[in-house]
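# A look at the structure
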Amino acid sequence: MATLVANSVKAVLVAPFHNFIHKDFHEVVKRMTLVDRLLFLIIHFVDKLGIWHRLPVFLGLIYLGIRRHLHQEYNLFNVGKTPTGVRFNPADFPFRTADGEFNDPFNEGAGSEDSFFGRNVLPVDQRNKLLKPNPMVVATKLLARRNLKDTGKQFNMIAASWIQFMIHDWIDHLEDTQQIELTAPAEIASQCPLKSFKFYKTKEVPTGFYEIKTGHLNRRTPWWDASAIYGSDEKSLKQVRTFKDGKLKISRDGLLLHEDDDGRAISGDVRNSWAGVSLLQALFVMEHNSVCDALKKEYPELGDEELYRHARLVTSAIIAKIHTIDWTVELLKTDTLHAAMRANWYGLLGKKFKDTFGHVGGAILSGLVGLKKPENHGVPYSLTEEFVSVYRMHSLLPDDLLVRDTNAATGPNKSPPLSKQIAMPNLIGINGEKVLSGIGFTRQMVSMGHQACGALELWNYPLWLRDVIPQNPDGTERPDHVDLPALEIFRDRERSVARYNAFRRALLLIPISKWEDLTDDAESIKTLREVYGNDVEELDLLVGLMAEKKIKGFAISETAFIIFVVMASRRLEADRFFTTNFNEETYTKKGLERVNTTESLKDVLDRHYPEMTKKWMNSSSAFSVWDSAPNARNPIPLYLRVPQ
């Protein structure tokens, strides 16, 4: 009886808004609680006006908070069976394990190597549309770079390398042994570097669950555990450790990654890597070893294993913090997102309050980091298929690395002169390690700092990635070259990721009804019609993300950003080592102090190369182009600002 009354009340309250709500959302709104329906009406009203990013910062934060809540309720789907009851005692594992197990006290396998990718959107079977339209046609007509478009001063090559560094930490699909071949249709074959190419299909695995019957396995640990430098299993971890004073292996000069007898870099994950990622791996090996030195000096009684475990916790947290309040702030360069990302880590009360009084008042006031217990919203932690899809950012990569002369006098804004250009294919794999050794750490980092990265737009996917050699998990090369943009289109379809419009609907974003809703560019509209006809429902997700009109200050699309809203928070709040165990007992007092006093990548660079940023960096962030002007001081309190 009570349920009947509640449903009647909901129907009466929402009925007047039936015509106001976009018809595509009527069904999902019916399934919402009364409070969630009212919250949905708020964001839907703002979305119809298209103004959330122009609201005063504090109102923008409220909008994003409502959105995050709704997506936590309606856009987290488990894949695979879920165990019940307490499975182990967290006190037995006060450290990050090699394979990611024993983090979630109620599900020891959550976030571990070879666990399932979850879902933000229910799978959409596309087996009968894998080649509609042909992925090589899509890649040729809409993605392939014509002329490099960059991000101006906003985002540099360190930033592009950083997100690849994170991908090597988080995600990598397990492949099947069966190969597939894609062939270019005659109409575009002459424009394709490869007329056909072979690759391994993604391995499909039964879940044993009635709702989502099959899924895909993640070879990497999806926790924010720095597995890019430590590996995702015991074997990889043993390869990178020295087993002395907790330290990791590094080159003899202590500047670059240690290499095996074949010249292949030794690190947690070297698959499909290049010199930019290798450089960041080396930097954080240095950071790990530096933490070991600091801890050994402070706590001489600690042995190798204890030093390693504490240093890994500290280094992983520093990486997560840099990504949250430095990298993401430059990616989404607005006051609202500056406030939002700092609120994720520190809460609305800010760093000074949290440093002084500790974590008080819950996630809103003191942030997700330091919560009393992890929060997974009833769905075991994983990264999702949709998260993988929106992180397809290869357009950030340029055609050449512009190497600077760090021995010459600097020009305006601390910019060293250009010395030479190196084609990006020469910086991949073993050959890339050799080239990096010749350039050296400082010169490579300064060069990447002063070079803008590519923009995430149509016709900006690097041509050299249309004929690239993929690698096995151990970094050895495969015999078959691939056309990467075509492969990425195929991968989303193969993995049942919704196409662009269905994707937006599932995220409570108003779908497009015509190409003009997506972009104002006449040539883009013409080519979209040529490839997809007038059926906007057929638009591939990757193409939509590249074509979509960008919010001012955003280097990514709003559609991709909405996945970030829920998943960026989830990476922190679901992890025991950022919540329950984010304390001096687990990290040590000295270790936690290191995390709390590191605010940016610049801080890490300054620890290891104190002269680098002083001499060559003019910008406020190491992720902005280094000769750009530092951020101007704004006397208006952050929460009271109004976007220009």
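Just so we're clear, the structure is a prediction, and the values are computed from it rather than from any experiment.

### Regarding the overall build of the protein chain
Of regular secondary structure, the protein chain possesses 26 helices and eight strands. In the protein chain, which comprises 644 residues, the share counted as buried stands at 57%. With the model as given, the accessible surface of the protein chain reaches about 26,100 Å², and the carbon-plus-sulfur share is 54%. Distance between charge centroids for the protein chain: 3 Å, based on 81 positive and 81 negative side chains.

### Thoughts on the nonpolar core
Trp162, Phe284 and Phe561 are the most contacted members of the largest nonpolar core, which totals 188 residues. Once residues lying within four places of it in the same chain are set aside, the contact partners of Trp162 are Leu280, Phe284, Ile319, Ile322, His323, Trp327, Leu601 and Phe623.

### What to know about the side chain of Ser227
Position of Ser227 relative to the elements: it lies in helix 8 (residues 227-230). Take Ser227: its relative accessible area is 1%, and that puts it in the buried class. Of the polar contacts made by the side chain of Ser227, one reaches the backbone oxygen of Asp169; its length is 2.7 Å.

### Concerning the pattern of salt bridges
Counted according to the given criterion, the structure contains 51 salt bridges. Between Asp125 and Arg127 there is a salt bridge, with its nearest N and O atoms 2.7 Å apart. A relative accessible area of 44% means that Asp125 is categorised as partly exposed. Residue classification places Arg127 among the exposed residues on the basis of a relative accessible area of 64%. One salt bridge in this structure joins Asp260 and Arg264, with 3.7 Å as the shortest N-O distance.

### Some details on empty space enclosed by the protein
With the rule as written, the count across this model stands at five cavities of 30 Å³ or more. Roughly 120 Å³ of internal volume is contained in the largest cavity. Lining the largest cavity are 15 residues, with Ala265, Val270, Ser273, Gly429 and Glu433 sitting closest to its centre. Among the secondary structure elements, those contributing two or more residues to the lining of the largest cavity are helix 10 (275-298) and helix 16 (429-439). Looking at the lining of the largest cavity residue by residue, the class counts come to seven nonpolar, six polar and two charged.

### Details of helix 17 (residues 441-449)
Counting buried positions along helix 17 gives eight out of nine residues, so the element sits mostly inside the fold. Regarding helix 17, the residues found buried are Phe441, Arg443, Gln444, Met445, Val446, Ser447, Met448 and Gly449.

### Brief notes about helix 4 (residues 57-74)
The end-to-end C-alpha distance of helix 4 is 26 Å, a good match for the 26 Å that 18 residues give at a rise of 1.5 Å each. Residues of helix 4 that are buried sit in contact with helix 3 (34-49), helix 12 (335-346) and helix 22 (558-573).

### Considerations on a nonpolar patch on the surface
Side chains of Leu349, Phe357, Val360, Ile364 and Leu365 sit close together on the surface and give an oily, nonpolar patch of about 460 Å² of accessible area. Among the structural elements, Leu349 can be located in the loop between helix 12 and helix 13 (350-357). On the accessibility criterion, Leu349 (39% relative accessible area) is partly exposed.

Each value, and the rule that gives it
- Residues numbered from 1 in each chain as written.
- Predicted model: local features only at pLDDT ≥ 70, side-chain atom pairs only at ≥ 80, totals over all residues.
- Heavy atoms only, no water.
- Helix = DSSP H or I, 4+ residues; strand = E, 2+ residues; numbered from the N terminus.
- Buried < 20%, exposed > 50% of the residue type's maximum accessible area, 1.4 Å probe, protein only.
- Areas by Shrake-Rupley, 256 points an atom, 1.4 Å probe, with all protein chains shown as cover.
- Lys, Arg positive; Asp, Glu negative; His and termini not counted.
- Charge placed at Lys NZ, Arg CZ, Asp CG, Glu CD.
- Core = buried A, V, L, I, M, F, W, Y, C linked by side-chain atoms within 4.5 Å.
- Contact = heavy atoms within 4.5 Å.
- Polar contact = N/O pair within 3.5 Å; in protein donor to acceptor, adjacent residues only side chain to side chain.
- Salt bridge = Lys/Arg side-chain N within 4 Å of Asp/Glu carboxyl O.
- 1 Å grid on protein atoms, 1.4 Å probe; cavity = no way out; pocket = protein on both sides within 12 Å on 5 of 7 lines; lining within 4 Å.
- Points joined across faces, edges and corners; volume = space filled by probe spheres on them.
- Nonpolar A, V, L, I, M, F, W, Y, C, P; charged D, E, K, R; others polar.
- Expected span 1.5 Å × (residues − 1).
- Patch = residues over 30% accessible without salt bridge, like charges linked within 9 Å, V, L, I, M, F, W, Y side chains within 5 Å.

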